[in-house]
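Summary of structural features
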Amino acid sequence: GGGAARPLRVATRGAVVLVLWTGRAGGPAVVADPDGHVVARVPGATDLELAADGTLVVAAGPGQDLRRFGPAGAGATRGWVELPPLAAPGFDGGALALAPGGRLAFTTHSGYGWTPGVRADHATVGEVVGYRLDAGAYRTRWGRVFVDACLPPGTTVRVHTLTSDDDEVPGPVAWYPADRTGPVRAPELTPSLPPATDLADLRRRVEADPAAGRLFLRPSGPERAWAPPDPDGLATYETPVTAPPGRYLWLVLQLTGNGQATPRVREIRVERPGHRLATAMPRAWSARESDAAFLQRFLAPAEGLLHELDERAALRALLLDPGIAPRDLLPWLAGLIGLVLDARWPEPARRELLRQAYDLYRIRGTQAGLERLLGLYLTVPFAVVESWRLRGLAGAVLGAPPAPPPAPAVGGPGAAGALGRFAVGGVRPGEDGYTVTAHRFVVLVCAELSDEQRDVVEGLLSRHKPAHTLVELCELGLGMRVGRHLHLGLSSVVGPGAGWAGTVVGQVLVGADGVLGLPSAGSRVGTAPAEAVRVG
């Protein structure tokens, strides 16, 4: 009848087949499998697609987000659950399409657009209750808490603490998994959570004092001595443990976001025990617990600075490690081994140069040493080609002029015979294979270098090449050039050609009957003299 459902679209991926059914009179649309089991109900649906990860994407009308559904089990088409939607700016309610790369496209009034990704609504408030930490001694006064985190603008992290000396935890908080977590391998061995009553009291105190547990950004970075910069760019924050002394400690993190961004916490470290400066003060100053707690917090910044200076002094041997030494100390470390670092080198390259310095000293002045130096600085393919590899082969010269030149030889004469009109092999008059190739090499770089990079590379070549050699730097650009690309580590230009006679354009076929110019390793048409570039 007029209200009967009719199939509108079909989506398939592997063994999964889904059909979009819609009413003839604009009734509600459903997505079902061929057996008739309904997967999702999406009013106003116009199209559907199965993404590469197996999720179902349904277009729900003009200007609306794309709704997503995922199967509850592997390969299942029943019991699907809805996932966060995909943003679709400008969607006109038309068709969906899955690109070969996995991106989802949709039609708009001006053509087509790409979905920027999941339109996720981040939670604005969250709490993490940690398991019990054991200091190993009763009445331990815990020290500072260090948090490696990323806090975008508008987000905060508060760290609160609970302590206890009781080995048994009365009425612990019920355990429940986080939204995104893996399985707990040994739940019976997992430390206890805090008592429910203590946690409730802590939450009431926090509500009364919103500034409690505030984190302070450490301007000097991590508290660990000579720690390298964080590769992910996370900063280190700290706050003192304000709970009374106790063997056991629980951490409670309260996280807040702005709806578009959330804080990210990667690692938390706790000092145990805290500093002992209070013991050096008159005992009357810390006779009461409240006075002792105040004195502990008051002296914590000064003691923390002294403690970190002591740690740096005790671990000063780490300064000799190029991978850990601070960036400002790299020139000093280089001076210990007779090196002067070039500040134009990237920092990772400078550190690697220091790490390999002694090995490079042993092979200095060799091709292997030069290639390792260039490999530390350059991030593009390159090759060092010795000119003698391109001198050609000795033998007869075919097609030489009436007065044949000497055959190619290394430092010696040779005979030549003539046959035909074109030459194969040979050298220019007055030259031989030794004088034009000995002690010369070319560095071929598969890139267009900037002025700074070119200056650095030329400086490397001039300082580290053998003193009696001549070097030429050749930039091959971004694409292959005829006679200039790398093949098996060598240039495609092979050997100098023979002498030539005059060529008349139109009567001689360049490349077949005549050769224009002489080859030069790494020469480029348009930037080198015509007689130095071989055509044909």
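All of these numbers come straight from a predicted model, not from anything done at the bench.

1. Some words on the overall build of the protein chain
A tally of regular secondary structure across the protein chain gives seven helices and 24 strands. Within the protein chain, contacts between residues at least 6 apart in sequence are counted, and of these 61% link residues at least 24 apart. Of the roughly 31,000 Å² that the protein chain leaves accessible, carbon and sulfur atoms contribute 58%.

2. As for unusual backbone geometry
Residue Pro 273 follows Arg 272 across a cis peptide bond; omega there is -10°. Structurally, Pro 273 can be placed in the loop between strand S19 (264-270) and helix H2 (289-314). In this model, Arg 139 sits at a positive phi of 55°, which is unusual for a non-glycine residue. Looking at the secondary structure, you find Arg 139 in the loop between strand S13 (133-134) and strand S14 (144-150).

3. Things to note about the nonpolar core
Among the nonpolar cores identified, the biggest contains 28 residues, and Trp 345 and Leu 374 are the most heavily contacted of them. Those elements giving two or more residues to this core turn out to be helix H3 (330-336), helix H4 (347-355), helix H5 (357-362), helix H6 (367-377), strand S21 (440-445) and helix H7 (451-464). The element that contributes the greatest number of residues to this core is H6, accounting for five residues. With near-sequence residues (within four places) excluded, Trp 345 lies in contact with Arg 350, Leu 353, Leu 373, Leu 376, Tyr 377, Val 456 and Leu 460. If you look at the next biggest cluster of nonpolar residues, it comprises 17 residues, including Leu 20, Val 39, Ala 60 and Phe 69.

4. Some remarks on the packing of H6 against H7
Two numbers describe how H6 lies on H7: the axes approach to 11 Å, and their chain directions differ by 160°. As judged from the angle between their axes, H6 and H7 are roughly antiparallel. Crossing angle aside, the handedness with which H6 passes H7 is right-handed. Of H7, the residues touching H6 (which contributes Leu 370, Leu 373, Leu 374 and Tyr 377) are Glu 452, Gln 453, Val 456, Val 457, Leu 460, Leu 461 and His 464. The residue makeup of the contact of H6 with H7, split by class, is eight nonpolar, two polar and one charged.

5. Topic: the sheet that holds strand S17 (residues 235-240)
Taken together, the four strands give an open sheet; going across it, the order is S16-S17-S14-S19, and neighbouring strands pair in antiparallel fashion. The sheet terminates laterally at strand S16 (216-217) and S19, the two strands that pair on one side only. In terms of strand pairing, S14 meets S17 through six bridges, oriented antiparallel. Bridge pairing links Val 145 to Thr 239 in S17.

6. Regarding a nonpolar patch on the surface
On the surface, a nonpolar cluster with roughly 300 Å² of combined accessible area is contributed by Leu 305, Leu 306 and Leu 309. Mapped onto the elements, Leu 305 comes out in helix H2.

7. Examining the environment of Arg 440
With respect to the helices and strands, the residue Arg 440 is situated in strand S21. Placed 55 residues apart in sequence, Arg 440 and Val 385 show a C-alpha to C-alpha distance of 8.9 Å. Here the side chain of Arg 440 touches Ala 438 through a polar contact of 2.9 Å, landing on its backbone oxygen.

Each value, and the rule that gives it
Residues numbered from 1 in each chain as written. Predicted model: local features only at pLDDT ≥ 70, side-chain atom pairs only at ≥ 80, totals over all residues. Heavy atoms only, no water. Helix = DSSP H or I, 4+ residues; strand = E, 2+ residues; numbered from the N terminus. Contact = heavy atoms within 4.5 Å. Areas by Shrake-Rupley, 256 points an atom, 1.4 Å probe, with all protein chains shown as cover. Core = buried A, V, L, I, M, F, W, Y, C linked by side-chain atoms within 4.5 Å. Buried < 20%, exposed > 50% of the residue type's maximum accessible area, 1.4 Å probe, protein only. Axes fitted to C-alpha atoms, helices over the stretch in contact; angles between N-to-C directions. Parallel < 35°, antiparallel > 145°, perpendicular 65-115°, else oblique. Left-handed = near helix turned anticlockwise from the far one by under 90°. Nonpolar A, V, L, I, M, F, W, Y, C, P; charged D, E, K, R; others polar. Pairing = 2+ DSSP bridges. Patch = residues over 30% accessible without salt bridge, like charges linked within 9 Å, V, L, I, M, F, W, Y side chains within 5 Å. Salt bridge = Lys/Arg side-chain N within 4 Å of Asp/Glu carboxyl O. Polar contact = N/O pair within 3.5 Å; in protein donor to acceptor, adjacent residues only side chain to side chain.

Any functional reading would require information that these geometric values do not contain.
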